[in-house]
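# Results of the structural survey
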Amino acid sequence: MIEPHPLVAMIHAVPSGARIAQEAFAREFPQATVWNVMDDRLLDDARAAGGLTDALRRRMLRLIGHVIDGGAKALLLTCSSYGEVVDTARALWDVPVLKSDEAMFRTALAGPYRRIAVVASTPPAVPAAVTQLEALVPAVRADRPVDIVTALSEEAAVADDAEATARHLADALHAVGATDVDAVLLAQYSLTRARDALAALVGVPVLDGAGAAARELRAMLTPGERTTSPAPAVGP
């Protein structure tokens, strides 16, 4: 039986990620009842430990178990650093659990895009995104080649507004010769505010992780419902 307002839990490590994810669900999956769980020490503790430890993995699994025991019908981890824990969670619980950006990666690989750019404002986000994207290729796009190009703009992380962020990201794309890509993927939730402005500058679809996750969970949890949400932003 399809529930009219399915309970979707989100586990956050930073407040900005929580805000962006909530905005995406309000826009793309307003039928969902959203349950936000915040542990704002997750990233700091992982950095202090030099990466994920067994204790941190168990801590995340306890949070996942908490929301599933509380009745969540699906779960999104908005922190990409803990994405590897999702594989364990899927083996333990029969509830959809999504990594922060995997829905965006699947959408990009299933689409007609031959050359895809991954853009970020913090160095660790680039290899993390590319690793996840390449890992999905055999399952989603084994029969078609894909060219992945990356761009980094640390200036975008401290830009004052969405337009300035978009300009820095566009400059980074131009600097690596990514002017002929077919789509751009935002490797961090914090860049979502620049999506539309960046699309207008580069003239190709720009995909964000939070919006893609909301659409994928909506399709899973309300499969018979007609939807009219907008496609990824496209420039003129």
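Residues numbered from 1 in each chain as written. Predicted model: local features only at pLDDT ≥ 70, side-chain atom pairs only at ≥ 80, totals over all residues. Heavy atoms only, no water.

## Notes on the confidence of the model for the chain
- Across the chain, the average pLDDT comes to 91, with 94% of residues at or above 70.
- No element of the chain has a lower mean pLDDT than helix α2 (residues 42–49), which averages 88, and none a higher one than strand β7 (residues 183–186), which averages 98.
- In the model, residues 226–230 has pLDDT below 50 throughout and makes six contacts with residues more than four positions away in sequence or in other chains. (pLDDT = per-residue confidence, 0-100. Helix = DSSP H or I, 4+ residues; strand = E, 2+ residues; numbered from the N terminus. Contact = heavy atoms within 4.5 Å.)

## Side note on helix α4 (residues 84–92)
- Taken as a whole, α4 has its buried residues at Val85, Val86 and Ala89. For α4, the buried positions fall inside an angular range of 105 degrees around the axis, keeping them on one side.
- Looking at the buried side of α4, the elements it contacts are α3 (54–69), β3 (74–77) and β4 (97–98). (Buried < 20%, exposed > 50% of the residue type's maximum accessible area, 1.4 Å probe, protein only. Arc of directions from axis to C-beta.)

## As for the pairing of β3
- Side-chain alternation along β3 places Ala74 and Leu76 on one buried face and Leu75 and Leu77 on a second face that is also buried.
- Relative to β4, β3 runs parallel, the two sharing two bridges. Residue pairing in the sheet places Leu75 in a bridge with Val97 of β4.
- Handedness of the crossover joining β3 and β4 through α4 is recorded here as right-handed. (Pairing = 2+ DSSP bridges. Right-handed = clockwise from strand over helix to strand, strands pointing away.)

## Comments concerning the side chain of Arg141
- Within the secondary structure, Arg141 is located in the loop between α6 (125–140) and β6 (147–152).
- A distance of 3.2 Å separates the side chain of Arg141 from the backbone oxygen of Pro145, its partner in a polar contact.
- Residues in contact with Arg141, not counting those within four places in the same chain, are Ala108, Leu109, Gly111, Tyr113, Arg114, Leu136 and Val146. (Polar contact = N/O pair within 3.5 Å; in protein donor to acceptor, adjacent residues only side chain to side chain.)

## What to know about the nonpolar core
- Val8, Phe25, Phe29, Leu76, Phe105, Leu185 and Leu217 are the most contacted members of the largest nonpolar core, which has 37 residues in total.
- Elements that contribute at least two residues to this core include exactly β1 (7–12), α1 (15–28), β3, α5 (102–110), β5 (115–120), α6, β7 and α9 (209–221).
- If we ignore the near neighbours within four places in the chain, the residues touching Phe29 are Pro6, Val8, Ala24, Ala214, Leu217, Arg218, Leu221 and Thr222.
- Counting 25 residues, the second-largest nonpolar core is a separate cluster that includes Val37, Leu43, Cys79 and Val86. (Core = buried A, V, L, I, M, F, W, Y, C linked by side-chain atoms within 4.5 Å.)

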